[in-house]
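A look at the structure
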Amino acid sequence: MIIYEQMQQELLRLKETGNLRSLPHITHCGSEVIVKEQRMVNLSSNDYLGLAGREELREEFLKTLTTDTFQPTSSSSRLLTGNYTVYEKLEQQMADCFGTEAALIFNSGYHANMGILPAVCTPQTLILADKLVHASLIDGIRLSTAKCIRYKHNDYKQLNRLLAEQHKDFQQIIIVTESIFSMDGDEADLKELIRLKQEYANVLLYVDEAHAFGVRGNNGLGLAEEENCIDQIDFLIGTFGKALASAGAYIVCKKIVREYLINKMRTLIFTTGLPPITLSWSSFLLERLANFKAERNHLKHISKQLKEALIAKGYNCTSQSNIIPMIIGESQVAVLKAEELQRKGFYALPVRPPTVPEGTSRIRFSLTAALTQEDIKQLLKAI
Ligand SMILES: *Cc1c(COP(=O)(O)O)cnc(C)c1O
């Protein structure tokens, strides 16, 4: 079959350019992982607060469970019979934490980003998206009927120009950004985005806090909490899969947006709801989220330590978070560098095109609060 030959050729091409991917066989032990019989410090996890590795939290959670409340499936869409009471509890808890009218839970951040934009956009919508937004947002934009223009990463001069040129030609414009960016770990300027949007009556703001929820803000609610602008963001989204050590995602929003999404959002309507047990775990951790201040401070501290040391070694690093890239350039070289670090006991992974632009292959360090200052010192020696 010709299709298999094409697949083979493409896989070969990926291999030759150092871009072939595979699923690693991996065993977890606290902040370490064992891959190919080698024990390594995990520098590639999104468990930013180190909660996933904490046994005492799981033990405490287990004690709250009975056979009745341990419900591993919701068996259907939330619009049918999948809407267990814990959904309402968690959504109320989220709305209370954020001080918003409403919240809505989704199966994942991917479902959220792939579903919200197609639901709310019409052909009279223009999306202005940062060049570096996550793949799930790109897919949401593709599935929507909106027109889309991508502005250069964090280039608000260009964004301002686009708004001025385009706002009269569209019913609504939606600015789409992440608050902390996945691959460079740098921040959007939320205050500036809000200022820009407020110059026009028909501009809305969509912010994905996947990497900031749990980590930033006094109560861990994200960069919007830190910047004190939660109520100025029209679509504020985040995932429970990263710092919250669970699964699922949320939007906090006005009641009318929630009701509209329930009626129009295909990735909410046509999928089996998350298992109630997963929501109970999210709710359990959310109750404690404000209290993980020491973890947030420690993470900030070791992130600064690594970033400053990389800059001192001559790497250009614009990170403002615990996601710290060491940009290498060529994919092959990044792969070799990652393998070297792994031999030295650090599970660091290369990130290559198409995830990042050609020529910017990198090692992406994703630090968690489970790491110690000594781990970072040893890592710097290994680099
Ligand atoms: C991880 C991530 C997502 C996807 O969230 P999941 O819950 O893992 O599906 C969405 N947006 C951004 C920016 C992410 O980094």
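None of these values were measured; they are calculated from a predicted model. Each residue is numbered by its place in its chain's sequence as written, counting from 1. Local features in a predicted model are, by the rule used here, given only for residues with pLDDT of at least 70; side-chain atom pairs are given and counted only at 80 or more, and totals for whole chains, interfaces and linings are based on all residues. The basis for every side-chain value is the complete set of heavy atoms in the structure, and neither hydrogens nor water enter the calculation.

**What to know about the domain arrangement of the protein chain**
The criterion, for reference: The domain boundaries here were taken from an automatic or database domain assignment. Here, residues are in contact when the closest pair of their heavy atoms is within 4.5 Å. Put simply, buried area is the surface a 1.4 Å probe can reach on two separate parts but cannot reach once they are joined, added for both. One speaks of a salt bridge when a side-chain nitrogen belonging to Lys or Arg is within 4 Å of a carboxyl oxygen belonging to Asp or Glu. Throughout this description, a polar contact denotes any pair of N or O atoms lying within 3.5 Å of each other; where both atoms belong to protein, one of them has to be capable of donating a hydrogen while the other can accept it, and for residues adjacent in sequence the pair is counted only when both atoms sit in side chains. Numbered from the N terminus, helices here are DSSP runs of H or I no shorter than four residues, and strands are runs of E no shorter than two. Residues are sorted three ways: Asp, Glu, Lys and Arg are charged, Ala, Val, Leu, Ile, Met, Phe, Trp, Tyr, Cys and Pro are nonpolar, and all the rest, Gly among them, are polar.
Examined at the domain level, the protein chain breaks down into domain 1 (20–51 + 292–382) and domain 2 (78–290). For domain 1 and domain 2, the distance between their C-alpha centroids amounts to 27 Å. Taken together, the 22 residues of domain 1 in the interface contact 23 residues of domain 2. When domain 1 packs against domain 2, the two sides together hide about 1900 Å² of surface, and 54% of this comes from carbon and sulfur. Per-residue buried area on domain 1 facing domain 2 is highest for Phe292, Arg296 and Gln320; these three make up 29% of the total on that side. Linking domain 1 with domain 2 are one salt bridge. Among the ionic pairs, Arg362 bridges to Asp184, the shortest N-O distance being 3.2 Å. Seen at the junction of domain 1 and domain 2, the total is 16 residue pairs in polar contact (both at pLDDT 80 or more). Breaking the side of domain 1 that touches domain 2 down by element, the ones donating at least two residues are helix H12 (293–312), strand E11 (323–329) and strand E14 (361–366). A breakdown of the residues in the side of domain 1 that touches domain 2 according to their chemical character gives 10 nonpolar, seven polar and five charged.

**Structural notes on the site of the ligand**
Our working definition: Proximity is defined per residue: if any heavy atom of the residue lies within 4 Å of a molecule or strand, that residue is considered near it. Method for areas: the Shrake-Rupley scheme with a 1.4 Å probe, in which residue coverage is limited to the protein chains shown.
The environment of the ligand is formed by 13 residues, the closest being Gly109, Asp208, His211, Thr239 and Lys242. The separation between a nitrogen atom of the ligand and a polar side-chain atom of Asp208 is 2.6 Å. At 2.6 Å, a side-chain N or O of His211 approaches an oxygen atom of the ligand. In isolation the ligand offers 380 Å² of accessible surface; the protein chains occlude 83% of this area. The element contributing the most residues to the shell around the ligand is helix H4 (residues 109–120), with three residues.

**A short note on the pattern of salt bridges**
The condition is simple: Each residue is assigned to one of three classes by its accessible area relative to the maximum for its type, calculated with a 1.4 Å probe on protein chains only: buried under 20%, partly exposed between the two thresholds, exposed over 50%.
A full pass over the atoms with the stated rule returns 20 salt bridges. Glu10 is the salt-bridge partner of Arg13, the closest N and O atoms lying 2.9 Å from each other. Taken as a pair, Arg13 and Glu10 lie in helix H1 (residues 2–16) at a separation of three residues, close to a single helical turn. What makes Arg13 partly exposed here is its relative accessible area of 43%.

**Brief notes about the nonpolar core**
Here is a general trend for soluble globular proteins: nonpolar side chains tend to be buried in one another's company. As a reminder, the rule being used: To form a nonpolar core, buried Ala, Val, Leu, Ile, Met, Phe, Trp, Tyr and Cys residues must be joined to one another through side-chain atoms within 4.5 Å.
The biggest cluster of nonpolar side chains holds 85 residues, and the ones touching the most others in it are Met94, Phe213, Phe365 and Leu367. Examining the composition of this core, we find that seven residues originate from one element, helix H11 (residues 276–289), more than from any other. Residues lining this core come from more than one domain, with at least three contributed by each of domain 1 (20–51 + 292–382) and domain 2 (78–290). Residues in contact with Phe213, not counting those within four places in the same chain, are Met94, Phe98, Gly220, Leu221, Gly222, Thr239, Phe240, Ala243, Leu244, Tyr250, Leu286 and Leu289. Listed in part, the 27 residues of the second largest apolar core include Leu104, Ile138, Tyr206 and Val257.

**A word on the packing of aromatic side chains**
The condition that has to hold: Stacked, tilted and edge-to-face are the three classes assigned to paired rings of Phe, Tyr and Trp, where Trp is represented by its six-membered ring and a pair needs centres within 6.5 Å; plane angles under 30 degrees give stacked, over 60 edge-to-face, the rest tilted. By definition here, charges over rings are those cases where NZ of Lys or CZ of Arg is within 6 Å of the ring centre and within 35 degrees of the ring normal.
Inspection of the entire model under this criterion finds nine aromatic pairs. Where Tyr206 meets Phe235, the ring centres are 5.8 Å apart and the plane angle is 35°; that geometry is what we call tilted. With Tyr206 in strand E8 (residues 203–208) and Phe235 in strand E9 (residues 235–239), this residue pair connects regions lying 29 residues apart in the sequence. Ring pairs connect the aromatic residues Phe98, Phe213, Phe240 and Tyr250, which therefore count as one cluster. Sitting over the ring of Phe284, Arg288 keeps its end group 3.7 Å from the ring centre.

**Quick notes on the sheet that holds E9**
Heads up, the rule is: Two strands pair under a simple rule: DSSP has to find at least two bridges between them. Comment: axis = line fitted to C-alpha atoms, over the contacting stretch for helices; angle = value between 0 and 180 degrees taken between N-to-C directions.
Across the sheet, which stays open at both edges, the seven strands sit in the order E4-E10-E9-E8-E7-E5-E6 with mixed pairing between neighbours. Because the sheet does not close on itself, it has two edges, and the strands there are strand E4 (102–106) and strand E6 (147–151). Averaged over all adjacent pairs, the angle separating strand axes in this sheet is 20°, with direction ignored. Direction of pairing for strand E5 (residues 125–130) relative to strand E7 (residues 172–178): parallel, over a ladder of five bridges. Looking across to E7, one finds that Thr125 is bridged to Gln172. Taken strand by strand, helix H9 (residues 255–264) contacts E4, E9 and strand E10 (249–253), and its axis lies near 30° from that of E4.

**Observations concerning the packing of H4 against helix H5 (residues 135–143)**
Keep this limit in mind: Reported orientations rely on four angle classes, namely roughly parallel under 35 degrees, roughly antiparallel over 145, roughly perpendicular from 65 to 115, and oblique for the rest. Two helices crossing with the near one rotated counterclockwise from the far one by less than a right angle form a left-handed crossing, whereas a clockwise rotation gives a right-handed crossing.
Following both chains from N to C, one finds H4 and H5 inclined at 30°, their axes separated by 7 Å at the closest point. Taken as axis vectors, H4 and H5 run roughly parallel relative to one another. Helix-helix and strand crossings are classified by hand; for H4 and H5 the assignment is right-handed. Here Gly109, Tyr110, Asn113, Met114, Leu117 and Pro118 of H4 lie close against H5, whose contacting residues are Ser136, Leu137, Asp139, Gly140, Ile141 and Leu143. Looking at the contact of H4 with H5 residue by residue, the class counts come to seven nonpolar, four polar and one charged.

**Section: the pairing of E4**
Most of E4 is tucked away: five of the five residues are buried. On E4, burial covers both faces: Ala102, Leu104 and Phe106 on one face and Ala103 and Ile105 on the other are all buried. Pairing analysis gives five bridges linking E4 to E10, with the strands arranged antiparallel. Bridge pairing links Phe106 to Ala249 in E10.

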